[in-house]
Amino acid sequence: MNNFKYIGLDFSQSQILSLKRKKLLLWTFTILCVFTLVPLAFNHYLLGNHYLAFALMAFFVCLLIDAISVQVNNMFIIHPSLVAFCLVVSLLISIYHLGVAAVFWFYPIVMILTFVLSKNTSCFFNVVLLAGLAVIGSSQMQLELMLRAIISLAITWLLAFLLMKGMNNLAEKLRQASTEDPLTKVLNRRQLNRTLEDAIALKKRHDITSTLMIFDIDHFKKINDHYGHSVGDNVIINVCNLIKSITRKEDILFRLGGDEFLLLMNYSNVNEAEYLAQKVCNAMATIDLAIPVKITVSIGLCEISTDLAVQDWIDAADRALYEAKASGRNCVKKQTELPSLSLH
């Protein structure tokens, strides 16, 4: 699980980056600050600009603490808004002391805030930067120069925002293509193992029970062969939509392939799952198709056990499914006797 977050900041703008690359980016920026920001802070302290020196060092110390915390625990200790606040204050103080020379630092910082912070947080701090530049810069810079700086910074912010939005849209499309079934829009097998591993971990740590429901459409091959694949696809979509309308928000539906589906029923034991499974069987009669065929499903259930690995858990539910088929189909069977299996 990706815990690389702390309320306001979670690199949510940067969905295209993996956790490893986010850590690398954070450490690269931290090391860069060691060779640029720290000497700059000492220089300003010696020049008598104590407030600026303290603000710069406060930002660096907060950044270093968070970089170490992320490397060790995958989470921030110091609220990211405080880190951003120190950086913004440093820039505004630098305008007061250095005037127009400090404006050049605003451009990379505006982009960093836009790419790293969440949308609302980055908007807040960028507005503060522009407003602070207008207020403090009015006494330190010529009006025309100040207006040019504000307008160019606003354009830089807008372009960075649009670029990040476009990259995130592309990343989301790629994510959907790799994790969602294109026909039914439910999750595919790529996400299955990780999700079931999380469920097993919750069982071990917090004794939270989950149950697997594996089901497929009875005699689906005959429907495909007799009426064609387009009708078969329509049957799958209708069955999938019906399942989603019956199940809860915490239940997660996967398409395993063909007409076979898997439903992870979180916070449910096998008896509770059996009630819902029977409800699913009964609801199949409500599916209205333009063919004279009654849609039914066979369902196998298996409750989670800490002795089971992911594939063992799936196999156990699959055995219950085959038992349902052997019992005449259109019924529910549950796997209650589990062998003692070791984790893979």
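Scroll up to find the structure.
These figures come from a predicted structure and were not determined experimentally. Every chain's residues receive numbers from 1 upward, in the order its sequence appears when written. pLDDT decides what is reported in this predicted model: residues at 70 or higher carry local features, side-chain atom pairs at 80 or more are listed and counted, and totals for whole chains, interfaces and linings draw on all residues regardless. Where side-chain values are given, they derive from all heavy atoms of the structure, hydrogens and water being excluded.

*Asks:* Help me out: how do you make sense of the nonpolar core in this one?
*Replies:* Considering soluble globular proteins, one finds that nonpolar side chains tend to be buried as a cluster. Within this scheme, the nonpolar core is defined by two criteria: the residues are buried Ala, Val, Leu, Ile, Met, Phe, Trp, Tyr or Cys, and they are joined through side-chain atoms within 4.5 Å. Each residue is assigned to one of three classes by its accessible area relative to the maximum for its type, calculated with a 1.4 Å probe on protein chains only: buried under 20%, partly exposed between the two thresholds, exposed over 50%. Of all hydrophobic cores here, the largest spans 42 residues; its most connected members are Phe 59, Phe 106, Leu 113, Leu 129 and Leu 133. To qualify as a helix, a DSSP run of H or I must reach at least 4 residues; to qualify as a strand, a run of E must reach at least 2; elements of each kind are numbered from the N terminus. Put simply, the parts of the chain that give this core at least two residues each are α1 (19-46), α2 (50-73), α3 (80-98), α4 (103-116), α5 (119-140) and α6 (143-179). Of all hydrophobic cores here, the second largest spans 33 residues; its members include Ile 217, Ala 283, Leu 289 and Leu 301.

*Asks:* Looking at this model, I keep getting lost on the side chain of Asp 318. Mind explaining?
*Replies:* Secondary-structure assignment places Asp 318 in helix α11 (residues 310-326). Despite its burial, Asp 318 remains without a salt bridge, the nearest opposite charge being carried by Arg 189 at 8.0 Å. In what follows, a contact means two residues having at least one pair of non-hydrogen atoms within 4.5 Å. Once residues within four sequence positions are removed from consideration, Asp 318 is found in contact with Ile 214 and Glu 260. In this count, Lys and Arg are taken as positive residues and Asp and Glu as negative ones, while His and the chain termini are left out. The working definition used for a salt bridge is a side-chain nitrogen of Lys or Arg within 4 Å of a carboxyl oxygen of Asp or Glu.

*Asks:* Please explain α2 as it appears in this structure.
*Replies:* Helical periodicity: at 3.6 residues per turn, an α-helix aligns residues three or four positions apart in one direction. Multiply 1.5 Å by the residue count of a helix minus one, and that product is the helix's expected span. Here α2 contains 24 residues, and its C-alpha end-to-end distance of 34 Å stays within 8% of the 34 Å for a straight helix at 1.5 Å per residue. Every buried residue belonging to α2 is among Leu 52, Ala 53, Ala 55, Leu 56, Phe 59, Phe 60, Cys 62, Leu 63, Asp 66, Ala 67, Ser 69 and Val 70, and all of these are buried. One or two steps after α2, the chain reaches Asn 74, where phi turns positive at roughly 60°.

*Asks:* Help me out: how do you make sense of the side chain of Lys 203 in this one?
*Replies:* Checked against the element boundaries, Lys 203 lands in helix α7 (residues 192-206). The exposure class assigned to Lys 203 is buried, which follows from its relative accessible area of 16%. Here a polar contact is taken to be a pair of N or O atoms separated by no more than 3.5 Å, where protein atoms must pair a possible hydrogen donor with a possible acceptor and residues adjacent in sequence count only if both atoms sit in side chains. A polar contact is formed between the side chain of Lys 203 and the side chain of Thr 209, at a distance of 3.3 Å. Filtering out sequence-adjacent residues up to four positions away, Lys 203 remains in contact with Ile 208, Thr 209, Ile 304 and Thr 306.

*Asks:* Got a minute to help me understand the packing of α4 against α5 in this structure?
*Replies:* To characterise two packed helices, one gives the angle between the axes of the helices and the distance between these axes. In this analysis, axes come from line fits to C-alpha atoms, helices being fitted only over the stretch in contact, and the angle between any two N-to-C directions falls in the range 0 to 180 degrees. Where α4 meets α5, the axes come as close as 9 Å, and the angle between the chain directions of the two elements is 165°. As the angle between them shows, α4 and α5 are arranged roughly antiparallel. At the point where α4 passes α5, the crossing takes the left-handed sense. Along its contact with α4, which presents Val 103, Phe 106, Ile 109, Val 110, Leu 113 and Thr 114, the element α5 presents Ser 122, Phe 125, Asn 126, Leu 129 and Leu 133. Charged means Asp, Glu, Lys or Arg here, nonpolar means Ala, Val, Leu, Ile, Met, Phe, Trp, Tyr, Cys or Pro, and polar covers whatever is left, Gly included. Across the contact of α4 with α5, the residue classes tally to eight nonpolar, three polar and no charged. These descriptions rest on fixed angle ranges, namely under 35 degrees for roughly parallel, over 145 for roughly antiparallel, 65 to 115 for roughly perpendicular, and the rest for oblique. Handedness of a crossing follows from how the near helix is turned relative to the far one, being left-handed for an anticlockwise turn of less than a right angle and right-handed for a clockwise one.

*Asks:* Explain α4 to me, please; I cannot follow it from the model alone.
*Replies:* Across its 14 residues, α4 extends 21 Å between first and last C-alpha, which sits within 8% of the 20 Å expected from 1.5 Å per residue. Of the positions making up α4, those classed as buried are Val 103, Phe 106, Ile 109, Val 110, Leu 113, Thr 114, Phe 115 and Val 116. Taken together, the buried residues of α4 touch α3, α5 and α6.

*Asks:* Can you help me understand the sheet that holds strand β5 (residues 332-335) in this one?
*Replies:* One key point about sheets: their strands pair by backbone hydrogen bonds, in either a parallel or an antiparallel sense. Strands are treated as partners if at least two bridges between them are detected by DSSP. In space, the five strands of this open sheet follow the order β2-β3-β1-β4-β5, with mixed pairing throughout. The open sheet has two edge strands, β2 (252-257) and β5, and neither has a second partner. The sheet shows a mean angle of 20° between the axes of neighbouring strands, direction not considered. The pairing of strand β4 (residues 297-303) with β5 spans four bridges and is parallel. Considered in β5, the bridge of Gly 300 is made with Lys 333. Its contacts with the sheet place helix α10 (residues 270-283) against β1 (210-217), β3 (260-266), β4 and β5, and it is angled at close to 170° to β4.

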